[in-house]
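Chain by chain, the residues run as shown.
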Amino acid sequence: MGRAKRKPGPLARRPDNSAFKQQRLPAWSPMLTANTVLPFFYFMALICMLLGVWLLLTVQGTQEIKLDYTEAGTCDKCFEKRKNVSSAAESCICKVVFLVEKPFKGDVFFYYGLQNFHQNLRRYMDSRDDGQLVGRKSNLKEPSSYCEPFAKDQNGLPIAPCGAVANSFFNDSFTLTYYGSSGDPVKVPLLRTGITWYTDKNVKYRNPQIDNLTLAQVFEGTAKPLYWKKPVYELDPLDPTNNGFINDDLIVWMREAAFPNFKKLYGVLYHDKLFTDGLPAGNYSIDISYNFPVQYFQGRKEVVLTTLTWFGGQNYFLPIAYLVTSSLILLIAVILTVAWWKFGKKGKNMEE
Amino acid sequence: RLEMFRKRPPPEEERRVRANDREYNEKFQYASNCIVTSKYNIITFLPVNLFEQFQEVANTYFLFLLILQLIPQISSLSWFTTIVPLALVLSITAVKDATDDYFRHKSDNQVNNRQSQVLIRGSLQNEKWMNVRVGDIIKLENNQFVAADVLLLFSSEPHGLCYIETAELDGETNMKVRQSVSVTSEPGDPNNLASFDGEVVCEPPNNKLDRFCGTLYWRDKKYTLTNQNMLLRGCVLRNTEACYGLVIFAGPDTKLMQNSGRTKFKRTSIDRLMNTLVLWIFGFLVCMGVILAVGNAVWEREVGSLFQSYLPWDPPVDNFLFSAFLSFWSYVIILNTVVPISLYVSVEVIRLGHSYFINWDQQMFCSQCNTAAAARTTTLNEELGQVEYIFSDKTGTLTQNIMSFNKCSINGQTYGKCTHLTHSHTKSCTYLFKVGDSHTHEFFRLLSLCHTVMSEEKSEGELVYKAQSPDEGALVAAARNFGFMFCSRTPGTITIREMGQPVTYTLLAILDFNNIRKRMSVIVRNPEGRIRLYCKGADTVLLERLHPCNQELMNITSDHLNEYAADGLRTLALAYRDLTEDEWEAWAESHRCAGKATSCREDRLAATYDQIEQDMMLLGATAIEDKLQEGVPETIAILSLANIKIWVLTGDKQETAVNIGYSCKMLTDDMTEVFIISGHTVQSVRQELRSALSFELNGGVKQLQCSPPPPSNLTDNISGEFALVINGHSLAHALEADMETEFVSTACACKAVICCRVTPLQKAQVVELIKKHKKAVTLAIGDGANDVGMIKSAHIGVGISGQEGIQAALASDYSFSQFRFLQRLLLVHGRWSYLRMCRFLCYFFYKNFAFTMVHFWFGFFCGFSAQTVYDQYFITLYNIVYTSLPVLAMGIFDQDVPDHRSLEYPKLYEPGQLNLLFNKREFFICIAQGIYTSVVLFFVPYTVLSDATQSTGVPLADHQTFAMTTATALVIVVSVQIALGTGFWTVINHVCVWGSLGSYFTIMFALHSQTLFRIFPSQFHFVGSAQSTLLQPVVWLTIALATAICIVPVLAVRFLKLALRPRLSDTVRKYTKTHVSEGRLGTRGGSRRSGYAFAHQEGFGELITSGKNMRLSSLALATFASRHSSSWIDTLRRKKHTHTHTPPSTSEEPLFGLTKGQMMMMYI
C-alpha cells in the first residue's frame, strides 16, 4: 500500500511492471527434441560402454582368494568346541592350507569376513556410546543407556567399551605363513595398523586422557565387555599405542557393516624381503586363533586375500552393470530413433 | 472461538429498551457497542492458536508420530526429524494468524474508537462508539456511519424522513428512505429528546435485514415500529443534515454483525483428490508396516532368536510377535515421510504465489476504475484451470449498465450513424436534424417531458439527473443535447428549456411504468393550454395503440426498429395524443375513482391508463445501446472455444437478455435453433424441454411425438448448435426434483443458455444443479448483491469490483473490474496454476516415494529392525531443505507455453477440464516411478558397495558409507528429475536447483565435521563420512550408474510421448508460428428482435406526484460522488473468512459509477 500511495492518479493501484511480477522473467525453455535427445542417448551409451570396458580391464588385473574357514581344515574341531558354552573360554588354534597359483602383485589386503551377522540391526547399531569412545570420562564411568544391557557388568561396574557392538567384537586372529619353494615356513608380515578411516582413528575414537596415568589406570574401575577375553587396554600386546579405544581392530569392528554379509580389513601385506612385489605363488597356511562362535546364528567365517586397483577390490558388478546399461541405452536409443523416424508427428495437432 | 469460554446469558425472548435510562437498561446486560472480531489476545494466542492448529488432521497426525518417537522401544528416528518440520509449519501458520489478528485488532480499535454524539443528560457529548449503550439517544450527521441499530426518532428533514445508503449491508447502492415514528418527530426541537422516556419492546437480535417488529410505549400510547423506522449499523446517512435515534441493538447484536457468518470454505477438486490420495498413502503405509512387521516376526523367530547372545531383546519384549508389533510402529515412523508435512505447506505456498501473480497482473488492471484484480481466496487457483461452466450475470458484468442514445427514427426518417459511442454523452456524434421540424421538436419534447427523472442544480450550475433506470437517463440526456433540456420539476409542473427558452408545463398525470404495461405516459398542459399525452413504450405494445392513420409511418418505423434491434440496440417507440379538455376531465375523474378504490386499485388504475393510451400518433422510435463491457464478445468467443459453456443468468426480461445474448455473440443466427422455454405450468415446461431435446438429438429435425428423455450421455451425438432461453417462472418448474435431469440434459446440450427473470435464489439453484449433475467445475461471475448466492455456491465465485456495491466482490473468491479479464484469469492464470500444481504434486509424491521406499528394501537386509538407511539429519532436512525449493520454484514459476499462446489456442485449456494432468492414474505412475527409483537407489549401491573397498583397502560396505552414497544418489536423481520436469528455467529455478544441490553438500560436510562431533558425539556420529565417502571414485561411479538407470527410462518415455503423441501444448511450445484463431467472431445477420428494455420496477412517478418529493440537497449530492468504502466493514465481513489472505484493499475507493441499481446520475 505504501508504494501505491506514491503514485497518485488513475494508475495508483496499477501493479508494477516488473518482469517478475508479470511472469515475464527471461527463461530458458528446454524441449526434448530429437536433435538433443537422440544424440544424448547415443553419447550416454558410448560413455557407459567405455567406462564399462575400462573398469572391466582394470578389474581383471586384480586377484582374490576367498577361504571359508568355518569348518575347513582343522577348524572343524574348533567349530565343534565353540558350540559348547562350557568350553567357550578355552582357546583353540586351527590351520587352513591353501595354494596361490599366480602371484599377487602389488598391495595385498587381508580381510576377515562374516556371513549372516547382522551388524545393521537398529538396536545393535544404537547400542554404543560415542561419548565414551571419544574419551569422555563421564561416559566412561556412566555409559549411555543405549548400551543396555551391556552397560554394566554383574558387579555394577561400567563396561568399557559398552554396548552390543563392542561386546560382539570379532576376536579371531590370524597368522599367514608362506611355504616357499624350499618348503620352509615364512611368516607373511602383515601391517595391522592404518586399516581405518583417518577420522575414526584421529577424531572419533580417543582414549580418555588423564595426566601421567597409564592406560590401565585410566580404565580402572571399568569392566571389560562380557565376551571379551582381554580388557580394552590390552588389545594389542605388541604396540602399546594401539590400545584402548584407538585400537585399529576395534575401530574397524565398530564401523558397522550395512549388510549381514561383510568383510573387514584385518591387515595389509608389508613389503618385506620375499614379499616386496606382493605374494609369490605357492602354498600358504593360516593359523587361526578360533574364538568367535558363529554357529549360534548359522553364520560363516572366511578370510579374503585380494589385490586392489584404484576403485577397490575384485568387483565385477560395476563394469558389468555399466556394460549392460550401455547396451540397454543403445537399444533404447535405436528404438527411439526408429519410432521417431517412422511415426513422429511434427506438429500436426496444431491444425486441429 | 472465544465465545465458547464465555458464559452465555440465556437467549433473549424480547428486548426492552427505555430511552435515556441507562440504569434501567443495564439490568438486562445487553451487549455493549464494542465489537470484537479478533480471535486472540497476547495471553490466549499461543494456547488457542495451537488448539486450532491441532484440529487439522495433518498436524495431529504428526503430533501422534512425535509421541510415537518418544517411546524408546519404537523410536526408529530421533524426535527432531518430526519436530523440526512440525515446528516450522506450526510457527509459519501462527505468524500468519497473528498478523491477520493484528489487523483485526487494529480495525476493531479503529471502529470502536470512532466518535459519535450521544445525548447524555440533555447535552450532546462525544463518545467513542464502544461506549454507546443500548437505550442511548445518538445524533447522526450526514455521511456518517450509523453506529448501532437505532430507532429513528427525529430527522431534520420534512416528514421525519431520512435517507440511507445500505451498500455495506446488502450491496444495494440506491438510497432508501426511513421515516421516524410520527409522534417522536413532532417535538420539532431535538432538545426535547433529552426528556424522551419512551420504552421500546421488540424482537431479540436476529440477522433479518429487512424485518423489524417492535412497539414503542410512550405517554401511555402504543406505536408500532417496523423496519421503516430503523437505521442499521453499517448504513450511511445521506442527504439528511442530522437525525436522532435510539440505540436498540449494539455491537454484536446488530444485524450487520449477526449477518457476518462463517463463510463456506471452498475446496478444490485437487484438494479433495489429494486428501483421498493421502488416505490411500496411509493405507499403503499401513500395508508396508504390516509386511515389514510380518517380516520382522519371521526374522526374529528364525534368526533373531539365535542372535540373542549378541543382541538380547529389549526387556518388555518376550516373544517375536511383540517385537513385530513394535517393529510395525517403528516402520510407521520411518515410512511416514511418504506423506510429509511439508506437502500441505508447499501447496499453500504455491497457491499464495499464484494469487500474488493474479494480484500483480497488469493486464488485469483496469485503469478506468483503478482496480487491479484481486485473488481474495488463495486456495482455489488451480481450479481456475478446470472450469467448464461459467454462470454470468448480465447487467454490470456483461454490460456496463451504461445506456447511450444511439439512433432514432423521427417521422419515418432515421438518424444517427455512429454505432460505437464511447461515452454516454452523445455530443460527439453528428446528427443532422432538420432544424425547426415540428416532428423533431415534438420528439425531443416528449423525451424531455415523459420520464420520472429528477434533477438537481448543483452549486456550480451543473444539472444532475437522477434517473430510476439508466435508459431514462440516457433519453433525457439525449434530449438535453438536442436542445430540450429538462430543468426541474415540482409535483405539478415540469420546466424544460426548449432551444434556450424556458417553458413550464403543467403536469396533470404520470401514468407510470410497470412490467405489464411496458410503457409510461405523462399528461401535460402546455403554456398555451393544450393538453397532450406523451407516451413511450415497447414497440410491441405501443404500435397496437396507434391511431389507424399511422399505418404507413408505422411500417417505416417498424422497419427501422428491426434495423436497430439487429444492431443489438434497445428500442422504444414514442407517441403522443392530443386530449380535449372534456376528455381530460372525464378521464381524470375516473382516474380519481380508481385511485381511491380500496380493492384491486392496481388493476383499476391500469384499466384507466389503458383507456386513455389509445389512438395515439406515432412520433418515432429511439434506439439505445446497452453498452457491453469492453471485449465481452471476444472473451465469450475465446472461452467457448476453450470448451467452456457460458450461461447467462439475469434478472432482466427475456427480450433484453436475448438481445444481449446476440450482441455479445453468445447467440448467433448460425445457430440451428434457439429454444425458448417460457411455459407457466409443469406440463408445458416439460413438454417444451422434451421437444427441445428430441429436436437436438435428431439433428434439427423436429419430432412431433415426445419421447422420454434419453440419458445424458447421448448428448455427444448432437449435431448443430443450439441455445436455450428459459424464463424464471419456467425455471422454477424445471428446477423441481423430477424435472431437473431433463433440464440439465437439454441445457447441457446447448452451446449457450440464457436464464432470464431469475431470482437470486434461482441463480444459486441453477449453479447447485450443475454442480450436482455434472462433475464439472463451475464459476459464477457477477457484480451485484443478487449474485452473491450464486457466487457463494459455485466452485469459484468472481466478483466484478469497482463499479457496483462491494457485496459481490466481498463474497467472491476473485475480483476484478472487467468481464474480459476472465479469459486471462482462466486461460492464463488458471491454466498455469493447474499445470503447476499438477506437476508439483506428481513430483512431490515421486520424490517422497523414492526417498522413503529405500527403507522398505533395506528392511529385508537388516532383519526388519526399522534401521534407517540415511542419517537422521538427512531425513529431517530432505523435505524441507534439500528438495523443497526446486519443486516450489517449479510450482510457482513454471510455464509450458507463454501467456499469449494460451489465449491464441484456447484448446490448450482442455486438459484441465478433463483432469488429465493429475488424476489417480497419473498418481500411480508417479508412485511407480518413485518405487522404481527407490529400487535402483537401494540395489545399485548395495551390489556395488558390498564388495567394493576404498583404495586404502577399507571396505565400503559400512552403513555410513552406504547411507551417504544412497542419500547423495537420491538427491542427485531427484534434482535431475526436477530439472527434467521444469519447463521454464528462470534465474530463480537455476538458483533453487543448484542451490539445493549445493546446500546438500555443504550441509552434509558441516554435519559430518569434527567441530559438531566434538560437541555432541552421539548426535553427530557420522563424522568424517562425507569426506571419506565422497572422495571415492567408486562411490561416484555408483551414483552415476544409479542416476543413469533412473533417468534414462523416464527420458525415453517422455521423448516417445512427445514424438508420437504430443500434447497440443508441446506442439505449441515447439512451433512458434502464430495462428491467430478466427473463432466465431463473424458478423451476424439481422433478425428481428424487439428490444424494449426499461426499468424492472416502477419509477418515481408516485413519489413525484404525491408531493413527497425527495429532497436532494446539493451538499449531499456533492458528497454522493465520493463515497467512502470503509475498510473496517470489509475486515468484518472477512472475519470468519480465515483462509483469505489478501489484505483489505479498499480505502478511498471511488465507488461512483453508473450503477445498475435504481438510481443514476448524469452530470451535465
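As recorded in an unreviewed UniProt entry, chain B goes by the name Phospholipid-transporting ATPase, listed as coming from Monopterus albus. Taken directly from UniProt, the Sequence similarities (unreviewed entry) text for chain B runs: "Belongs to the cation transport ATPase (P-type) (TC 3.A.3) family. Type IV subfamily."

With an unreviewed UniProt entry as reference, chain A is termed Cell cycle control protein, source organism Monopterus albus. In its Sequence similarities (unreviewed entry) section, the UniProt record describing chain A reads: "Belongs to the CDC50/LEM3 family." Looking at the Subcellular location (unreviewed entry) heading of the UniProt record, one finds this comment for chain A: "Membrane".

*Asks:* Before we go on, may I ask you to explain the state of the cysteines in this structure?
*Replies:* Each disulfide consists of one covalent bond between the sulfur atoms belonging to two cysteines. All names here are of chain A. For the structure on display, the rule yields three disulfides over all chains. Each disulfide pairs two cysteine sulfurs, and for C78 the partner residue is C92, the sulfurs being separated by 1.8 Å. In this structure, the disulfide formed by C78 and C92 twists by about -80° around the S-S bond and is classed as left-handed. Of this pair, C78 sits in helix α3 (residues 75-83) while C92 sits in the loop between α3 and β2 (93-100), placing them 14 residues apart in sequence. The side chain of C147 participates in a disulfide bridge whose partner is C162; the two sulfur atoms lie 1.9 Å from each other.

*Asks:* Teacher, can you tell me more about the domain arrangement of chain A here?
*Replies:* By a frequent convention, interface size equals the accessible area lost on bringing the separate parts together. Annotation of chain A at the domain level lists domain 1 (62-315) and domain 2 (320-352). Computed over C-alpha atoms, the centres of domain 1 of chain A and domain 2 of chain A are 53 Å apart.

*Asks:* What am I meant to see in the domain arrangement of chain B here?
*Replies:* When its domains are assigned, chain B resolves into domain 1 (2-20 + 114-260), domain 2 (42-109), domain 3 (354-399 + 628-697 + 720-827) and domain 4 (403-415 + 435-627). The straight-line distance from the C-alpha centre of domain 2 of chain B to that of domain 3 of chain B is 41 Å.

*Asks:* Honestly, a nonpolar patch on the surface in this entry has me stumped. Any pointers?
*Replies:* Taken together, Y316(A), I320(A), V324(A), L328(A), L331(A) and I335(A) make up a surface patch of nonpolar side chains, about 530 Å² in accessible area. Looking at where I320(A) falls in the secondary structure, it is placed in helix α11 (residues 317-343).

*Asks:* Is there a simple way to think about the pattern of salt bridges in this case?
*Replies:* Note on pairing: side chains with opposite charge can pair once their charged atoms come close. All names here are of chain B. One pass over the structure, following the stated rule, counts 53 salt bridges over all chains. A salt bridge links R15 to D253, with the nearest nitrogen and oxygen atoms 2.7 Å apart. Linking R15 in strand β1 (residues 15-18) with D253 in the loop between β13 (242-249) and α7 (255-259), this pair joins segments that are 238 residues apart in sequence. Here R519 and E613 are joined by a salt bridge, their closest N and O atoms 2.5 Å apart. Placement of the pair is R519 in strand β23 (residues 519-525) and E613 in the loop between α16 (601-612) and β26 (617-628), with a sequence separation of 94 residues. Grouping residues by exposure puts R519 and E613 together as buried.

*Asks:* Would you take a moment to explain the packing of helix α2 (residues 34-60) of chain A against α11(A) for this structure?
*Replies:* Each pair of packed helices can be described by the angle between their axes along with the distance between the axes. Residue and element names in this part refer to chain A. It is at 8 Å that the axes of α2 and α11 come closest, and there the two elements cross at 160°. By the angle between their axes, α2 is roughly antiparallel relative to α11. Judged by the twist between their axes, the crossing of α2 over α11 is left-handed. A per-class count over the contact of α2 with α11 returns 24 nonpolar, three polar and no charged.

*Asks:* Even after reading the chapter, I still don't get the interface of chain A and chain B, so can you show me in this structure?
*Replies:* Opposite the 95 residues of chain A that make contact, chain B presents 107 residues. Between chain A and chain B the total buried area reaches about 9,000 Å² when both faces are included, carbon and sulfur atoms providing 65% of it. Here chain A and chain B share 23 residue pairs in polar contact (both at pLDDT 80 or more) between them. Elements with a contribution of two residues or more to the side of chain A that touches chain B: α2, β4 (108-115), α4 (122-126), α5 (130-133), α8 (198-204), β8 (262-269) and α11 of chain A. When the residues that make up the side of chain A that touches chain B are grouped by side-chain class, the tally is 57 nonpolar, 20 polar and 18 charged.

Cut-offs applied
- Residues numbered from 1 in each chain as written.
- Chains lettered and ligands numbered in written order.
- Predicted model: local features only at pLDDT ≥ 70, side-chain atom pairs only at ≥ 80, totals over all residues.
- Heavy atoms only, no water.
- UniProt positions renumbered as here; feature names shortened; annotations may be inferred.
- Disulfide = S-S within 2.5 Å.
- Helix = DSSP H or I, 4+ residues; strand = E, 2+ residues; numbered from the N terminus.
- Domains from an automatic or database assignment.
- Patch = residues over 30% accessible without salt bridge, like charges linked within 9 Å, V, L, I, M, F, W, Y side chains within 5 Å.
- Areas by Shrake-Rupley, 256 points an atom, 1.4 Å probe, with all protein chains shown as cover.
- Salt bridge = Lys/Arg side-chain N within 4 Å of Asp/Glu carboxyl O.
- Buried < 20%, exposed > 50% of the residue type's maximum accessible area, 1.4 Å probe, protein only.
- Axes fitted to C-alpha atoms, helices over the stretch in contact; angles between N-to-C directions.
- Parallel < 35°, antiparallel > 145°, perpendicular 65-115°, else oblique.
- Left-handed = near helix turned anticlockwise from the far one by under 90°.
- Nonpolar A, V, L, I, M, F, W, Y, C, P; charged D, E, K, R; others polar.
- Contact = heavy atoms within 4.5 Å.
- Buried area = accessible area lost by both parts, 1.4 Å probe.
- Polar contact = N/O pair within 3.5 Å; in protein donor to acceptor, adjacent residues only side chain to side chain.

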